[in-house]
Amino acid sequence: MTDAAQGNATAGGEATAPLLEVEGLDAWYGAAQILFGLSLTVGRGEAVALLGRNGAGKSTTLKAIMGLVERRARRLAFDGQDVARLPTHALARRGLGYVPEDRRIFTGLTVAENLDVGRQPPRLLADGRPAPGWTTEHLFELFPNLAGMADRRGGQMSGGEQQMLTLARTLMGNPLLVLLDEPSEGVAPIIVEQMAQAILALKQKGLSILLSEQNFRFCEMICDRVYVIEHGELRWRGMTRGLSSLPEVKSNYAIL
Amino acid sequence: MSLDGLLFQALNGLAGASALFLVAAGLSIIFGVSRIVNLAHGSFYMLGIYLAGTLAGGFGGAFGFWAGVIGAVLVVAALGALTEIALLRRIYAAPELYQLLATFALALIVNDAVLYLWGPEDILGPRAPGLEGAIDLLGRRLPTYDIFLALVGPAVLIGLHLLLARSRFGRLIRAATEDREMAAALGVNEKVLFTAVFALGAGLAALGGALQMAREPASLSLDLAVLGDAFVIVVVGGLGSIPGAYVAAVLVAEVKALCIALGTVSVGGFEVNLSKLTLVAEFLVMAIVLIVRPNGLFGRPQPPARVAGRGEPPLRPMGRNGGIVALGVVAALALLPLAEGAFPYAPVLAVDMLVAVIFATSLHFIMGPGGMHSFGHAAYFGLGAYGAAYAATQLGAPTFAALAAGIVAAGLGALVFGWFAVRLSGVYLAMLTLAFAQIVWSIAYQWEAVTGGSNGLFGVWPDAPLDTRAGLYLAALGGALVVVLLLRRVLFAPFGYALRASRDSPLRAEAVGIATGRVQWLGFALAGALCGLAGGLFAFAKGSISPEAISVGRSIDGLVMVLLGGVESLLGPIVGAGAFTLLQDSVMRETDYWRALLGALILAIVLIFPGGLMGGAARLWALATRRAAR
Amino acid sequence: MSVLTVRSLSKSYGGVRALDDVSFSVAAGELLALIGPNGAGKSTCFNIVNGQIRPDAGHVWIGGREVTGLAPRRIARLGVGRTFQIAAVFGSMTAVENVQMAMIAARGQSFGLWRPAAAHHRQAALELLGRVGMAELAERPAATLAYGDVKRLELAVALAGEPVLLLMDEPTAGMGAGERGALIALVRELVTERRLAALFTEHSMDVVFAHADRVIVLARGKLIADGSADAVRADPQVRAVYLGSGAAMAEEDGHP
């Protein structure tokens, strides 16, 4: 499985600049600073994991990139353009998708309505070619469970179904990069397997992924590169395979 | 009363229901997305009616009326958008109480702006061209315009339903209502969406007002009157439910129509004029609905309110030095009458301040440690004042006994109202307490035999030794001291801890075995009873008590005092009461536009000094000691 | 004799059966894990035992006394301590005051109006905090504690009433891997030492299989397995609806 992921690592190789560049990212919750000068990149078509124990700052990193917490960065560039001053919705409209850890389904809206909220017009890549686009039909193929419940309200779905809907809803915006916050947290192991398969399929379609995880097995199935963070600072980075041979790094940072 | 007459009044009620529904629907939509109960919503209605009248006159001609209506709606919608951008965006993350106060401040400012622009006289609007006539129905003349109005309500209801349920705009609104941040992360420009919703809500209120110009004169009292009605409707129907608002608007309008239709009836030998009781009647409807269905007829449970006490620092006793300072201050206050020669007015002002201290401290007890934001503390002030005044003037009780009677009256009232109130929380609790205060006010206003009606009770003078300025002042000082020390003691005792525990986490409190409902109920009653002393002292200090002194304004003053001082500090309400009374006495007496001034003060607290004076002082102290430590 | 006995509990929400004829029991000194997919009815089951929800049918006995439908505070006073999925403590009090408050409430002293609360049960509260390893944090305001410490404080608060039954809804949610193991190990000790009956829900299978005496599994409101950790892990039905093949599961903890 790791070999399959490895084979894909060079997939969007023709692009020069990374899709997402973060340099010197600081973030705060109220008065408390959570992130300290974090830097990372995600290449086109690449899947990258943020690993670390709970409270290390993984979720905050994704939220900070998305502009959902107070943040400051030396550089924050997406698709070759400086986006540090853009509000959250404008980032989303540039093709940055965010899938929250706690799913945050609109419980009063039906599955179809939830998907519609996420809908954005098809977008073009920086070089003018059309980016991978999604329709409800495509997504129902990817998540067959959802197809049968288009008219069901979000509040009446199981946790696993909501987990799939939250990803599908973000895909409706035809993103170039998806920030995935702990998709394996708090769901049944069997759903974790299904999520891993779905995310792998997305990656093969050319979507870039930045994944926050505590579960190394899960990210091993999907990711090419890994950043390990602790107390809001970068502690280790390298290839996923490299980390699997370093048990002391994993146990130091409480990676499962 | 004949059946025909009832039916006629019922049809009339439907016309009234439409205007109320438009206002309530706007309030409800705004609450839905922003979770802010807009206390300035009545002001949008009032602006609608004034603007429509003026614009209709300006345009003139057959189309002038309708152009005036549309123009007023557009102008007010634009003002609504401006309000959202300039004010609400700054307070979305603030505690509920601050949001309520900030929008109330806006209502005060708008009221004075209207006073400035249109003057204090009522203004009659033009009639609707083409709809001036009436049709014969059941032997009576039913104005055509009323039939038109009765149809506007359902038409707007259907339009709003289609907008919210079928359009993408509606879907985005519903999504943002649930989770604003998530909607933004999906590319929804929620800022613009919120502004649009606020403009829509304000426009609906203005439409309600503009259409009323043919039925009633524009007056400066419309904002609060309509706001009260709209609250009742929104709360009865369920916050956030548009169909609920329509059903409730019809219910309330019909109950009012019924009261008017029945007129004076005789109940057990008492002549009761029901047509004067419309205000009490609608608040009674609300109280009953809330007791049976705490979330209103069509409402869903509110998401848990942001807990005010989460980050509050633990209570600490004053310590030795603090105690010495406090003793010194009390001693100095006790010597104040010696200065009466030089400042004859000082004891009078000081009594006002002490009354305010008791009022604010008792309110702080339930809204700070108790976490119950009462918007109707004037009720217990009023019960105390009337109880003491009645005992003194009608029963000939000596002063101390009369004051005790006031405390008992207020305590009993708080026991009854509190029983209902602690079943609710957040905005609903605020509305219910407000409703109870309005009921007390209405009873004081209407029950002439006991309360003296609008004139109130006169000749409430204390007997010796309290019949001098110094005597009354010392009694007030003693009373304030007892109240402050007693509440302090209780707060440090297990009961005070249990009260804070029930506020911090009701779930946890119940899970360790605290009877949260009973703790809050008794806390509410204790604070109400002690507030009664403030009312009693007030009546004796002024020599009279009238309904005016116990209106909504007094409840709001209390909230401002507590927040001005700082809700997280036990000294806060004392400092806030003193400062507010001084301010009221010096600045506000000097101007016709004191409402706008008060509004500006409230906005300053909410936007600039959310910790109040004590919070600000604590910050400065921390800064100073840190400097000194270096 | 069992401390908690649950017989034929059923509960429906708008036509959906959240719990369907569920029966089980917990003995003194036993640590029982309740697992299952999200939405399987775990929380409903907990909240019925705790008194927050009234069942449609069925009975709950605690220590031989029927408590079905009693209010949470009455059940608490009968010797039931509980912790919540999102830790709930009194934020405006210090750690030791939290425990003192719980002791005051357990002894029916909440309506005391005169003697300061600080003078009640202080020594006992400090000892209990010491037992959960929080002696040094006793005077810290609860609102300023780190999440792991809040979880331990909550455990102390739950133990303050000297309960016979301890209910813990996802006690380790939101904690790092190391902290997870440590907290459940502490609970394990307390259960043995005080002859407590304890019931907990948990998503981390490592924690469950390493520490629980017995495991019961809920799926779609029904109890589908009840037995030792090994038996449940091997159960084909449990694997099919919940555990999956194990490919995406976290690695074993190394030192169970």
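Residues numbered from 1 in each chain as written. Chains lettered and ligands numbered in written order. Predicted model: local features only at pLDDT ≥ 70, side-chain atom pairs only at ≥ 80, totals over all residues. Heavy atoms only, no water.

**Some details on the overall build of chain C**
Basically, it comes down to this: Numbering goes from the N terminus for both helices and strands, where a helix is a DSSP run of H or I of at least four residues and a strand is a run of E of at least two. Our radius of gyration is a C-alpha quantity, and the globule rule it is checked against amounts to 2.2 Å times the number of residues to the power 0.38. Only protein chains enter the calculation, and the probe is 1.4 Å; a residue is then buried if its accessible area is under 20% of its type maximum, exposed if over 50%, and partly exposed in between. The contact rule is simple, with two residues in contact once any of their heavy atoms fall within 4.5 Å. The protein chains shown are the only cover counted for residues, whose accessible areas, like all others here, come from Shrake-Rupley with a 1.4 Å probe. Positive charge is attributed to Lys and Arg, negative charge to Asp and Glu, and no charge count is given to His or to the chain ends. By convention, charge coordinates are those of NZ in Lys, CZ in Arg, CG in Asp, or CD in Glu.
Helix and strand counts for chain C stand at nine helices and 10 strands. Against the globule reference of 18 Å for 256 residues, chain C gives a C-alpha radius of gyration of 18 Å, in line with a compact fold. Overall, the C-alpha framework of chain C stretches about 60 × 45 × 35 Å when taken along its three principal axes. For chain C, the proportion of its 256 residues judged to be buried stands at 58%. The contacts in chain C between residues at least 6 apart in sequence include a share of 67% that link residues at least 24 apart. Accessible surface for chain C amounts to roughly 9,900 Å². Of this, 52% is attributable to carbon and sulfur atoms. Averaged over its 26 positive side-chain charges, chain C has a centre that lies 8 Å from the centre of its 26 negative ones.

**Side note on empty space enclosed by the protein**
Rolled over the atoms, a probe with the dimensions of a water molecule shows which regions are left empty. Residue and element names in this part refer to chain B. Selection criterion: With a 1 Å grid spanning the protein atoms alone, the term cavity applies to any set of points in which a 1.4 Å probe fits but cannot get out, the term pocket to an open set with protein on both sides within 12 Å along at least five of seven lines, and the term lining residue to any residue with an atom within 4 Å of a point. Grid points are joined across faces, edges and corners, and a volume is the space filled by probe spheres set on the points. Under the grouping applied here, Gly and all other residues not named as nonpolar or charged are polar, the nonpolar ones being Ala, Val, Leu, Ile, Met, Phe, Trp, Tyr, Cys and Pro and the charged ones Asp, Glu, Lys and Arg.
Scanning the entire structure with this criterion turns up eight cavities of 30 Å³ or more. T361, H364, F365, V484, L487, R488, L491, L570 and I574 are the residues that line the largest cavity. When residues of the lining of the largest cavity are traced back to their parent elements, those giving at least two are α13 (346-367) and α18 (469-492). The leading source of residues in the lining of the largest cavity is α18, at four residues. Of the residues that constitute the lining of the largest cavity, the class distribution is six nonpolar, two polar and one charged.

**Concerning the interface of chain B and chain C**
Inclusion rule: Two parts placed together each lose some accessible area under a 1.4 Å probe, and the buried area is that loss summed for both. When a carboxyl oxygen of Asp or Glu is within 4 Å of a side-chain nitrogen of Lys or Arg, the pair counts as a salt bridge.
Of the residues lining the interface, 34 residues belong to chain B; the matching set on chain C comes to 37 residues. Both sides of the chain B and chain C interface together cover about 2,900 Å² of buried area, and 65% of this is carbon and sulfur. Of all residues in chain B, B:R489, B:P494 and B:R508 bury the most surface against chain C, accounting for 24% of the area lost on that side. Across the contact surface, chain B and chain C share three salt bridges. Measuring nitrogen to oxygen at the nearest pair gives 3.8 Å for the salt bridge that ties C:R73 to B:E510.

**A look at the domain arrangement of chain C**
All names here are of chain C. The line we're drawing: By convention here, the domain bounds are inherited from an automatic or database domain assignment. Each polar contact in these results corresponds to two N or O atoms within 3.5 Å; when the atoms are within protein, one needs to be able to donate a hydrogen and the other to accept it, and residues that are neighboring in sequence are counted only if both atoms are side-chain atoms.
Taken domain by domain, chain C consists of domain 1 (1-79 + 165-256) and domain 2 (88-162). Computed from C-alpha coordinates alone, the two centres of domain 1 and domain 2 are separated by 26 Å. Counting residues at the interface gives 17 residues for domain 1, matched by 13 residues for domain 2. The junction of domain 1 with domain 2 conceals about 1,200 Å² of combined surface from both sides, 65% of it contributed by carbon and sulfur atoms. On the surface where domain 1 and domain 2 come into contact, there are two salt bridges. Across the salt bridge formed by E189 and R131, the nearest N and O atoms sit 3.1 Å from each other. The tally of links from domain 1 across to domain 2 stands at four residue pairs in polar contact (both at pLDDT 80 or more). Of all elements in the fold, only β7 (165-168) and α6 (177-194) reach the threshold of two or more residues within the side of domain 1 that touches domain 2. If one sorts the elements of the side of domain 1 that touches domain 2 by residue count, α6 sits on top with eight residues. For the side of domain 1 that touches domain 2, a count of residues per class yields 10 nonpolar, one polar and six charged.

**Topic: the pairing of strand β1 (residues 134-137) of chain B**
All names here are of chain B. Going by this rule: Following DSSP output, two strands are said to pair if at least two bridges run between them.
As paired strands, β1 and strand β2 (residues 140-143) are joined by four bridges and run antiparallel to one another. Within the sheet, the bridge partner assigned to L137 lies in β2 and is R140. In textbook terms, the turn of a hairpin is the stretch between consecutive antiparallel strands, and for β1 and β2 this stretch comprises two residues, one of which, L138, has a positive phi near 50°.

**Comments concerning helix α6 (residues 168-178) of chain B**
Every buried residue of α6(B) is accounted for by B:G170, B:R171, B:L172, B:I173, B:A175 and B:A176. The secondary structure elements touched by the buried residues of α6(B) are α4 (111-118) of chain A together with α1 (3-34), α5 (144-166), α7 (180-185) and α8 (190-212) of chain B.

**Re the sheet that holds strand β6 (residues 96-99) of chain A**
Residues and elements named next belong to chain A. Selection rule: Fitted lines through C-alpha atoms give the axes, limited to the stretch in contact for helices. The angle between two N-to-C directions lies from 0 to 180 degrees.
An order of β6-β7-β8-β3-β9-β10 is seen for the six strands of this open sheet, with the pairing classed as mixed. For this open sheet the edge positions go to β6 and β10 (233-239), each flanked by a neighbour on one side alone. When the angles between neighbouring strand axes are averaged without regard to direction, this sheet yields 15°. As defined by bridge partners, β6 adjoins strand β7 (residues 177-181) across four bridges and the pair is classed as parallel. By the bridge assignment for β7, Y98 is matched with L179. Here helix α7 (residues 159-171) sits on the sheet in contact with β6 and β7, set at roughly 170° to β6.

**Here we look at the packing of aromatic side chains**
Aromatic ring pairs are defined here through the distance separating the ring centres and the angle between the ring planes. All names here are of chain B. Cut-off, in case you're wondering: For Phe, Tyr and Trp, rings pair up if their centres lie within 6.5 Å, where Trp contributes its six-membered ring, and each pair is then called stacked (planes under 30 degrees apart), edge-to-face (over 60) or tilted (otherwise).
Enumeration according to the criterion identifies 18 aromatic pairs over all chains in this entry. Ring plane angle 90° and centroid distance 5.2 Å describe the contact between F21 and Y246, whose orientation is recorded as edge-to-face. Of the two residues, F21 sits in helix α1 while Y246 sits in helix α10 (residues 242-262), which places them 225 residues apart along the sequence. Considered together, F21 and Y246 belong to a single accessibility category, that of buried residues. Ring centres of W66 and F148 lie 5.7 Å apart, and the angle between their planes is 80°; this geometry places the pair in the edge-to-face category.

**Some words on the sheet that holds strand β6 (residues 80-83) of chain C**
All names here are of chain C. Pairing is mixed across the open sheet formed by six strands, whose spatial order is β6-β7-β8-β3-β9-β10. Each edge of the sheet is formed by a strand with only one pairing partner; in this case those strands are β6 and β10 (222-227). Strand-to-strand twist in this sheet, taken as the mean axis angle between neighbours without regard to direction, amounts to 15°. Strand direction decides the pairing type here: strand β3 (residues 31-35) and strand β9 (residues 214-219), joined by four bridges, are parallel. Opposite I35, over in β9, you have V217 as the bridge partner. Along the sheet face, helix α1 (residues 42-50) touches β3, β6, β7, β8 (197-201) and β9 and points at about 145° away from the line of β7. Against the sheet, helix α5 (residues 147-159) makes contact with β6 and β7, and its axis sits at roughly 165° relative to β6, the strand it touches most.

**Details of the side chain of A:D181**
Residue and element names in this part refer to chain A. By secondary structure assignment, the location of D181 is in strand β7. At 5.7 Å, K63 is the nearest oppositely charged side chain to D181, a buried residue that forms no salt bridge. Among the polar contacts made by the side chain of D181, one reaches the side chain of S59 at a distance of 2.9 Å. A polar atom in the side chain of D181 sits 2.7 Å from the side chain of S212. Look past the residues within four positions of D181 in its chain and what remains in contact with it is S59, L62, Y98, V99, P100, E101 and S212.

**Remarks on the environment of B:A515**
Topologically, B:A515 is positioned in the loop between α20 (506-511) and α21 (516-542). A residue is classified by how much of its surface remains accessible, and B:A515, at 9% relative accessible area, is buried. Between the alpha carbons of B:A515 and B:A498 there is a distance of 8.7 Å; along the sequence they are 17 residues apart. In contact with B:A515, not counting residues within four places along its chain, are B:E510 and C:R73.

**Remarks on the pattern of salt bridges**
Taken as a whole and judged by the stated rule, the model has 35 salt bridges over all chains. Across the pair A:R44 and A:D79 runs a salt bridge, and its minimum N-O distance is 3.1 Å. Note that A:R44 is positioned in the loop between β2 (32-42) and β3 (47-51) and A:D79 in the loop between β4 (70-78) and β5 (81-82), a separation of 35 residues in sequence. Where C:E97 meets B:R316, a salt bridge forms, and the shortest distance between an N and an O atom there is 3.6 Å. One end of the pair, C:E97, is in helix α3 (residues 95-106); the other, B:R316, is in the loop between α11 (278-292) and α12 (319-334), on a second chain. Residue classification places C:E97 among the buried positions, given a relative accessible area of 6%. Classification of B:R316 as partly exposed rests on a relative accessible area of 46%. Each of the salt bridges in this network shares a partner with another, and the network as a whole consists of A:D116, A:R119, B:R168 and B:R171.

**Topic: the domain arrangement of chain B**
Residues and elements named next belong to chain B. Domain assignment breaks chain B into domain 1 (14-231) and domain 2 (339-628). On a C-alpha basis, the centres of domain 1 and domain 2 stand 34 Å from each other. Facing 21 residues of domain 1, the contacting portion of domain 2 comprises 25 residues. With both chains or domains summed, domain 1 and domain 2 bury close to 2,100 Å², and 84% of this area falls on carbon and sulfur atoms.

**Digging into helix α23 (residues 572-586) of chain B**
To keep it simple, the criterion reads: Helix span, as expected, comes to 1.5 Å for every residue beyond the first.
With 15 residues, α23(B) ought to run about 21 Å at 1.5 Å a step, and its terminal C-alpha atoms sit 21 Å apart, in line with that. Within α23(B) the residues assigned to the buried category are B:G572, B:P573, B:G576, B:A577, B:G578, B:F580, B:T581 and B:D585.

**Considerations on the packing of helix α14 (residues 378-393) of chain B against helix α15 (residues 399-421) of chain B**
A pair of packed helices can be characterised by two numbers: the angle between their axes and the separation between those axes. Residues and elements named next belong to chain B. As a reminder, the rule being used: Note: crossing handedness is left-handed where the near helix turns anticlockwise from the far helix by less than a right angle, and right-handed where it turns clockwise.
α15 packs onto α14 with a crossing angle of 140° between their chain directions and a minimal axis gap of 7 Å. Seen from above, α14 lies across α15 with right-handed handedness. Together, Y380, L383, G384, G387, A388, A391 and A392 of α14 and A402, L403, A405, G406, A409, A410, G413, A414 and F417 of α15 make up the contact between the two elements. When its residues are assigned to classes, the contact of α14 with α15 shows 12 nonpolar, four polar and no charged.

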